[in-house]
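Coordinate analysis (summary)
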Amino acid sequence: FLILSRLVRYKRFDLVVRAAVEGGERLVVAGSGEEEKRLRRIARGYSGVEFVGEVSEEEKISLLSRARALVFPALEDFGIVVVESLACGTPVIGYSRGGVSEILRHGYNGFLLEEQSWENVLDAMKRVKSMSFDPEELRRSSLPFSSRR
């Protein structure tokens, strides 16, 4: 699983780190920001959470392409990283409010969280692991948000 973003409080990445720790899931955290120290404290003692800092465009595409899912529990107007993840053929776990709800179709290209809680994040992680997604379908679901459009 992957977090790829500025690490700021309102994005609620604490829920994702806690879900990974509680559920024994592997998580890569790409990005930096004011929340990094707090997220590291939550993950302390659990080797399944890896902090990689800020990444280049090439590294971003590689991480998105290899992730089981991008996890983005933030309330955002849009969330370009959600579209980038789909364009790389990777499903997204996102919050069911705000712009993300206009990009994701629950069960088709990812999972929508009804509430921002680590338990819901962990449940969605488990559900994603039990499913298979067609990378080409995921890519097609990003096309309405392409720069050409």
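Quick look at the structure, then.

Calculation criteria
Residues numbered from 1 in each chain as written. Predicted model: local features only at pLDDT ≥ 70, side-chain atom pairs only at ≥ 80, totals over all residues. Heavy atoms only, no water. Helix = DSSP H or I, 4+ residues; strand = E, 2+ residues; numbered from the N terminus. Rg over C-alpha atoms; globule rule 2.2 N^0.38 Å. Buried < 20%, exposed > 50% of the residue type's maximum accessible area, 1.4 Å probe, protein only. Axes fitted to C-alpha atoms, helices over the stretch in contact; angles between N-to-C directions. Contact = heavy atoms within 4.5 Å. Nonpolar A, V, L, I, M, F, W, Y, C, P; charged D, E, K, R; others polar. Polar contact = N/O pair within 3.5 Å; in protein donor to acceptor, adjacent residues only side chain to side chain. Salt bridge = Lys/Arg side-chain N within 4 Å of Asp/Glu carboxyl O. Core = buried A, V, L, I, M, F, W, Y, C linked by side-chain atoms within 4.5 Å.

1. Details of the overall build of the protein chain
Tallying secondary structure elements over the protein chain gives seven helices and six strands in all. Each helix and strand of the protein chain, ordered N terminal to C terminal, gives the series β-α-β-α-β-α-β-α-β-α-β-α-α. Relative to the globule expectation of 15 Å for 149 residues, the C-alpha radius of gyration of the protein chain, 14 Å, shows essentially globular dimensions. Its C-alpha atoms put the protein chain at 45 × 30 × 25 Å along the principal axes. Classification of the 149 residues of the protein chain by burial places 50% in the buried group.

2. A few points about the packing of helix α4 (residues 80-87) against helix α7 (residues 135-142)
Orientation of α4 relative to α7, taken along the N-to-C sense of each, is 140 degrees, at an axis distance of 7 Å. Contact residues: Val83, Leu86 and Ala87 in α4; Leu138, Arg139, Ser141 and Ser142 in α7. Residues belonging to the contact of α4 with α7 are distributed by class as follows: four nonpolar, two polar and one charged.

3. What about the side chain of Ser5?
Within the secondary structure, Ser5 sits in the loop between β1 (2-4) and α1 (13-23). Classification of Ser5 by relative accessible area gives buried; the value is 13%. At 2.9 Å, the side chain of Ser5 forms a polar contact with the side chain of Lys11. Residues contacting Ser5, with those up to four places away along its chain left out, are Lys11, Phe13, Ala30, Gly31, Ser32 and Phe72.

4. What about unusual backbone geometry?
Phi is positive for Arg12, which is not a glycine, with a value near 65 degrees. By the secondary structure assignment, Arg12 is in the loop between β1 and α1. Overall, Arg12 belongs to the partly exposed group, its relative accessible area being 26%.

5. Re the pattern of salt bridges
Taken as a whole and assessed by the stated rule, the structure comprises 14 salt bridges. Here Lys11 and Glu76 are joined by a salt bridge, their closest N and O atoms 3.3 Å apart. Of this pair, Lys11 sits in the loop between β1 and α1 while Glu76 sits in the loop between β4 (70-72) and α4, and the two are 65 residues apart along the sequence. On the accessibility criterion, Lys11 (7% relative accessible area) is buried. Several salt bridges share partner residues, and in doing so they unite Arg9, Arg12, Asp14, Glu35 and Arg38 into one network.

6. A short note on the nonpolar core
If you look at the biggest cluster of nonpolar residues, it comprises 49 residues, and the most contacted ones within it are Leu2, Leu27, Ile93 and Met125. Aside from chain neighbours lying at most four places away, what touches Leu27 is Phe1, Leu2, Ile3, Val16, Val17, Ala20, Gly48, Val49 and Glu50.

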